[in-house]
Amino acid sequence: MTTTWRELGYLTPELVVLLGAAAVLLLDLFLPRGRRRVLGGVALVPLGVALGWVLRALWAQSGGPSQLHKVFGALLLRDPYSLGFDVVFLVAAILGVLLSLRYVEREALPAGEYYALTLFAVFGMMMMAMSAELITLFISYEILSLAVYVLAGIARGRAVSAEASLKYFLLGAFASGFLVYGIALVYGATGTTVLYDPLGQSASTISGLILERGLFGNALLLAGLALLVVGIAFKAAIVPFHAWVPDVYEGAPLPVTAFMSAGVKAAAFAAFARLLFGGFRNLGEVWQPVLWVLAVLTMVLGNAAAIRQQNVKRMLAYSSIAHAGYLLVALAAYTARDVAIGSVLYYALTYTAMGVGAFAILLVVGQEGEANQELSDYRGLASRHPWAAAAMGLFMISLAGFPLTAGFLGKFYILNAALRADLDGLAVVLGLASVVSWYYYLRVVWFMYMTEVPKAAVRPISRATSLGVAVAVAALLVIALGVFPSTALAVAQMAGHTLLPLGY
Amino acid sequence: MTEWILFVVLSVIAIGSAVMMLVGRNPVHCALWLVLTFFCVAGFFLTLGAPFLAAVQIIVYTGAIMILFLFVVMLVNPEREGEPAVPASHRRAGLTLAAVLLVVMVGAITTRSGLGAIPTEPGGVTLRQVGTALLTEWMLPFELTSVLLLVAMIGAIVLARRRIE
Amino acid sequence: MPTLTTPIPANPAADWLPVAVFLVTAVLFAAVLLWIPRLIAPRHPTPDKARPYECGERVSGEFWQQIHIGYYLFALVFIIFDVEVVFLWPYVRVLGGRLIPQGLGLFVFFDLLLFVGILVVALVYAWRKGVLRWE
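Here the structure is a predicted model, which is why all the values come from computation and not from measurement.

Participant: Is there a simple way to explain the overall build of chain B in this structure?
Facilitator: Each helix and strand in chain B was counted, giving six helices and zero strands. The order of α-helices and β-strands along chain B, N terminus first, is α-α-α-α-α-α. In chain B, the proportion of contacts linking residues at least 24 apart, taken out of those at least 6 apart, comes to 52%. Accessible surface, chain B as shown: approximately 8,900 Å² in total, 75% of it carbon and sulfur.

Participant: Looking at this model, I keep getting lost on the overall build of chain A. Mind explaining?
Facilitator: Looking only at helices and strands, one finds 20 helices and two strands in chain A. Compactness check: chain A gives a C-alpha radius of gyration of 22 Å against a globular reference of 23 Å for 504 residues, within 12% of the reference. Taking the principal axes of the C-alpha coordinates as reference, chain A spans close to 75 × 55 × 45 Å. Residue burial in chain A is summarised as follows: out of 504 residues, 66% are buried. Nonlocal contacts in chain A, meaning residues at least 24 apart in sequence, comprise 81% of its contacts between residues at least 6 apart. When the accessible surface of chain A is split by element, carbon and sulfur atoms take 68% of a total near 16,800 Å². Of the side-chain charges in chain A, 30 are positive and 24 negative, and the distance between the mean point of each set is 7 Å.

Participant: Sorry, what's going on with the side chain of A:T190 here?
Facilitator: Residue and element names in this part refer to chain A. Within the fold, T190 resides in helix α7 (residues 159-190). A relative accessible area of 2% places T190 in the buried class. A polar contact of 3.1 Å, which involves the side chain of T190, links it to the backbone oxygen of T192.

Participant: I tried to follow the nonpolar core on my own but got confused; where do I start?
Facilitator: Among soluble globular proteins, nonpolar side chains are generally buried collectively. In terms of nonpolar packing, the biggest core is built from 263 residues, with A:F85, A:F272, A:F277 and A:F280 touching the most fellow members. Ranked by the residues each element gives to this core, the list is headed by helix α14 (residues 338-365) of chain A, at 21 residues. For this core, the domains that each give at least three residues are domain 1 (1-80) and domain 2 (123-165) of chain B. Core analysis: the next-biggest nonpolar cluster, separate from the first, contains five residues, B:A31, B:L34, B:V35 and B:M66 among them.

Participant: I keep staring at α7(A) and nothing clicks. Help me out?
Facilitator: In an α-helix, one turn spans 3.6 residues, which is why side chains three or four residues apart end up on the same side. Between its first and last C-alpha, α7(A) extends 46 Å over 32 residues, near the 46 Å set by a 1.5 Å rise per residue. A:G191 lies just past α7(A) and shows a positive phi near 80°.

Participant: Explain the interface of chain B and chain A here, please?
Facilitator: As a measure of interface size, the accessible area lost when the parts come together is often cited. Contact residues are listed per partner, giving 32 residues for chain B and 39 residues for chain A. Counting the surface lost from both chain B and chain A, the interface buries some 2,800 Å², and carbon and sulfur atoms represent 78% of this. Summed over the shared surface of chain B and chain A, the result is zero salt bridges. Across the chain B-chain A interface, the total number found is two residue pairs in polar contact (both at pLDDT 80 or more). Counting residues per element, the ones that place at least two in the side of chain B that touches chain A are α4 (88-110) and α6 (139-160) of chain B. When residues in the side of chain B that touches chain A are grouped by element, the largest group, 15 residues, is from α6(B). Taken together, the residues that form the side of chain B that touches chain A break down as 22 nonpolar, five polar and five charged.

Participant: I'm lost on unusual backbone geometry in this one. Help?
Facilitator: A negative phi angle is the norm for most residues apart from glycine, just as the trans form is the norm for most peptide bonds. Residues and elements named next belong to chain A. That bond from V239 to P240 is cis: its omega, 5°, falls within 30 degrees of zero. A positive phi angle is found at A108, which is not glycine, with a value near 55°. Structurally, the position occupied by A108 is in the loop between α4 (80-106) and α5 (111-130). Relative accessible area serves as the criterion here: at 63%, A108 is assigned to the exposed category. Even without glycine at this site, L404 takes up a positive phi of about 70°. Tracing the backbone shows L404 in the loop between α16 (386-400) and α17 (406-420).

Participant: For this particular structure, what's the right way to read the pattern of salt bridges?
Facilitator: If the charged atoms of two oppositely charged side chains come close together, the side chains can form a pair. What the rule picks out here adds up to ten salt bridges over all chains. Close ionic contact of A:D86 with A:R78 constitutes a salt bridge, the shortest N to O distance being 3.3 Å.

Participant: Honestly, the domain arrangement of chain B in this entry has me stumped. Any pointers?
Facilitator: Taken domain by domain, chain B holds domain 1 (1-80) and domain 2 (123-165). The C-alpha centroid of domain 2 of chain B is placed 23 Å from the C-alpha centroid of domain 1 of chain B.

Participant: Would you mind going over the packing of helix α12 (residues 284-307) of chain A against helix α13 (residues 312-332) of chain A with me for this structure?
Facilitator: When two helices pack together, their arrangement is given by the angle between the helix axes and the distance between those axes. All names here are of chain A. At a closest axis distance of 8 Å, the pairing of α12 and α13 adopts a crossing angle of 160°. One element, α12, and the other, α13, form an angle in the roughly antiparallel class. Taken as a pair, α12 and α13 cross one another with a handedness that is left-handed. On α13, the residues that touch W287, Q288, L291, W292, L294, A295, T298, M299, G302, N303, A305 and A306 of α12 are M315, Y318, S319, I321, A322, A324, G325, Y326, L328, V329, L331 and A332. Looking at the contact of α12 with α13 residue by residue, the class counts come to 18 nonpolar, six polar and no charged.

Participant: What's the story with the environment of A:G112 in this structure? I'm lost.
Facilitator: All names here are of chain A. Following the sequence through the fold, G112 ends up in helix α5. Residues G112 and G84 lie 28 residues apart in sequence; the distance between their C-alpha atoms is 28 Å. For G112, the contacting residues outside a window of four places in its chain are V24, D28 and L39.

Participant: Please clarify how the environment of C:P42 should be interpreted in this entry.
Facilitator: Residues and elements named next belong to chain C. Mapped onto the fold, P42 is located in the loop between α1 (17-40) and α2 (47-50). Overall, P42 belongs to the exposed group, its relative accessible area being 67%. Through-space distance from the C-alpha of P42 to that of F22 is 32 Å; in sequence the pair is 20 residues apart.

Participant: Which parts of the structure should I look at to understand the packing of aromatic side chains?
Facilitator: For any pair of aromatic rings, geometry is given as the distance between the ring centres together with the angle between the planes. Applying the stated criterion across every chain yields a total of 26 aromatic pairs over all chains. Taking the centre distance of 6.1 Å and the plane angle of 80° together, the rings of A:W244 and A:Y249 count as edge-to-face. On the basis of relative accessible area, A:Y249 is assigned to the buried category, the value being 3%. With a centroid separation of 5.5 Å and an interplanar angle of 65°, the aromatic rings of B:F38 and B:Y61 are classed as edge-to-face. On the criterion of sequence distance, the pair formed by B:F38 in helix α2 (residues 27-47) and B:Y61 in helix α3 (residues 51-76) is long-range, its members being 23 residues apart. Accessibility expressed as a relative area gives 36% for B:Y61, which makes it partly exposed. What links up through ring pairs into an aromatic cluster is the set A:Y149, A:Y168, A:F169, A:F234, A:W244 and A:Y249.

About the cut-offs
- Residues numbered from 1 in each chain as written.
- Chains lettered and ligands numbered in written order.
- Predicted model: local features only at pLDDT ≥ 70, side-chain atom pairs only at ≥ 80, totals over all residues.
- Heavy atoms only, no water.
- Helix = DSSP H or I, 4+ residues; strand = E, 2+ residues; numbered from the N terminus.
- Contact = heavy atoms within 4.5 Å.
- Areas by Shrake-Rupley, 256 points an atom, 1.4 Å probe, with all protein chains shown as cover.
- Rg over C-alpha atoms; globule rule 2.2 N^0.38 Å.
- Buried < 20%, exposed > 50% of the residue type's maximum accessible area, 1.4 Å probe, protein only.
- Lys, Arg positive; Asp, Glu negative; His and termini not counted.
- Charge placed at Lys NZ, Arg CZ, Asp CG, Glu CD.
- Polar contact = N/O pair within 3.5 Å; in protein donor to acceptor, adjacent residues only side chain to side chain.
- Core = buried A, V, L, I, M, F, W, Y, C linked by side-chain atoms within 4.5 Å.
- Domains from an automatic or database assignment.
- Expected span 1.5 Å × (residues − 1).
- Buried area = accessible area lost by both parts, 1.4 Å probe.
- Salt bridge = Lys/Arg side-chain N within 4 Å of Asp/Glu carboxyl O.
- Nonpolar A, V, L, I, M, F, W, Y, C, P; charged D, E, K, R; others polar.
- Axes fitted to C-alpha atoms, helices over the stretch in contact; angles between N-to-C directions.
- Parallel < 35°, antiparallel > 145°, perpendicular 65-115°, else oblique.
- Left-handed = near helix turned anticlockwise from the far one by under 90°.
- Phe/Tyr/Trp six-rings, centres within 6.5 Å; stacked < 30°, edge-to-face > 60°.

Below, the structure is given as structure tokens:
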């Protein structure tokens, strides 16, 4: 096996982000303390460059034949699927950095480490989306995890932040253990850790060997698969592996929560889909019922818990669990093939826009801190700050899945996949869960528009430009994905086709 | 025959010291029993023809990780001996889980379900083979590991340091 | 004697016989040295004699003292570089030359350079943050 230098070219966006992380880290060491505020801006450069490269690569393939390259043997796949998820991660990270600019300064967080770890986390996510081999997947998963554990606890002065970080770390280490154990068992059963080969050049992959040796009822393989699912379900915040979510989302600094809720979940689902659809497709009849149950549990419990919250931050944390349930529906609909994969990617992108957007408004109303997160703080927001209220309203109705917003099309696409896969029951649960979610999303809108607040109780909001830009970008994305979805849908479809090539 | 004797001796010591670690009252003694278990695991790797793993087991686990364990023990538990009582329900849950795991493992081994799929090297895996694999076929995970170590380093310093300048 | 489905190499442990002999000898040697005094030395313990030896001074303070938190950070940094050494070690074995004829020599060299380079960043970071300085 020879790896040519040219192959490295396919990794340009990943390498740019990695170099950016190292640059931010080293710059921090040699800059005088007063100048460190520039680090956030420096961190935006590699993210922007990488996003540009990815979009150009996707643009070049649209309309023409989609390109699929194996990098480093069969360890990584550079395909429209990974490029599409790179867009999700990079958008989440850019919005996350924009939200952090003032926050990091105000809370006196260590700026160099903060932005460097953000970039390392993005690097881990991008590698996860490309991994077609379990060891590479695991190390990428760990790079992402370690960076995010530290980010969650980086505000060391606040006890809740330290507690969040510790809980996340301990449970996360446990989940990593499940993942490694799963990899070991799968390797024991098959003798390889390569998931699949979409070009059909090698049969000694997990997917190929399951067929060749007829490992359908192999206990070792099934146990390994179960452990792999647990390891990834933890990161994806799927019930019953979600216990850490509310505490960590509440305890972590708000910009980190915004970045985590979108980016980490998208990365987990990117790996999840590649693992199940690529490596274990032939065991689909085994894992589909499991995902079915997990999806129902996640949707029901996530929404039921979100309804009870009076604190908007906690409400968004629980509702993000519910959204993981919607994504699971798409995974369970594996017989819809590329439609299912495309809907995962499309929904991940829409959730990033509307989820991070909603967290951005929390920062605006909370004056870039953890203050004013109660529902009552949103009383009469529309009359005082019509733009902020309008944006929040947009994010809420999109999260609820109203027509002409990104969230509606995302859910529609997932429902379409579920119906094609004859999962009518799951589709009904998804519909009902959405209706329930209208209650708690629209309650925020109602508080903003239909209630008034005495003048004396009015609290100022933040008017920082960086926050405004982040909100505007997220809102534009929500509208664009809802009204002109064709480009993004085309990319999602292309991603689905290349993940599962014809005849595979 | 030698292998069989080695296996039995190592197993008895490994399991015995693991039990001693669990029932011990003094945390430092427990840590030392764990060291002995790790040594036996390294012995298993040797008899299975994986000297590199055996060395890693000793260098990383018995060397570095155990030192960290001891530091933590000395850090948090300077005066009292023993530990706060573990609720009986936790003990029961732990024992149940361990029993389930044991049944699964024994089941997997006795039914030989799927064993034998792993390609083996006659005469064991040499360090040279490990090195060649790491630097050619597995080069990418190898490089990613260094990124992982860098992130771990930053994390350790950010979280454990008293004040960051 | 149970047989495993995976064939175990003929006798990989044979190479390690000297190591095993060394280990056993070391343990026996220490045990015997501890045992001989018990056999021949007179034992008349008094409270003073039973005290732990502390350079002839009277023992003061608790035996078990809390260690400084600084050690912990050192241990963490030590583990990270320990793992790095473990990864470098197989490289030293392949440096013997088998790879270079395959035309991979330069590639492998840069490969390792990158690995070490990333960890140099870690070292520079730790150094500039003052982790390597004892407070």
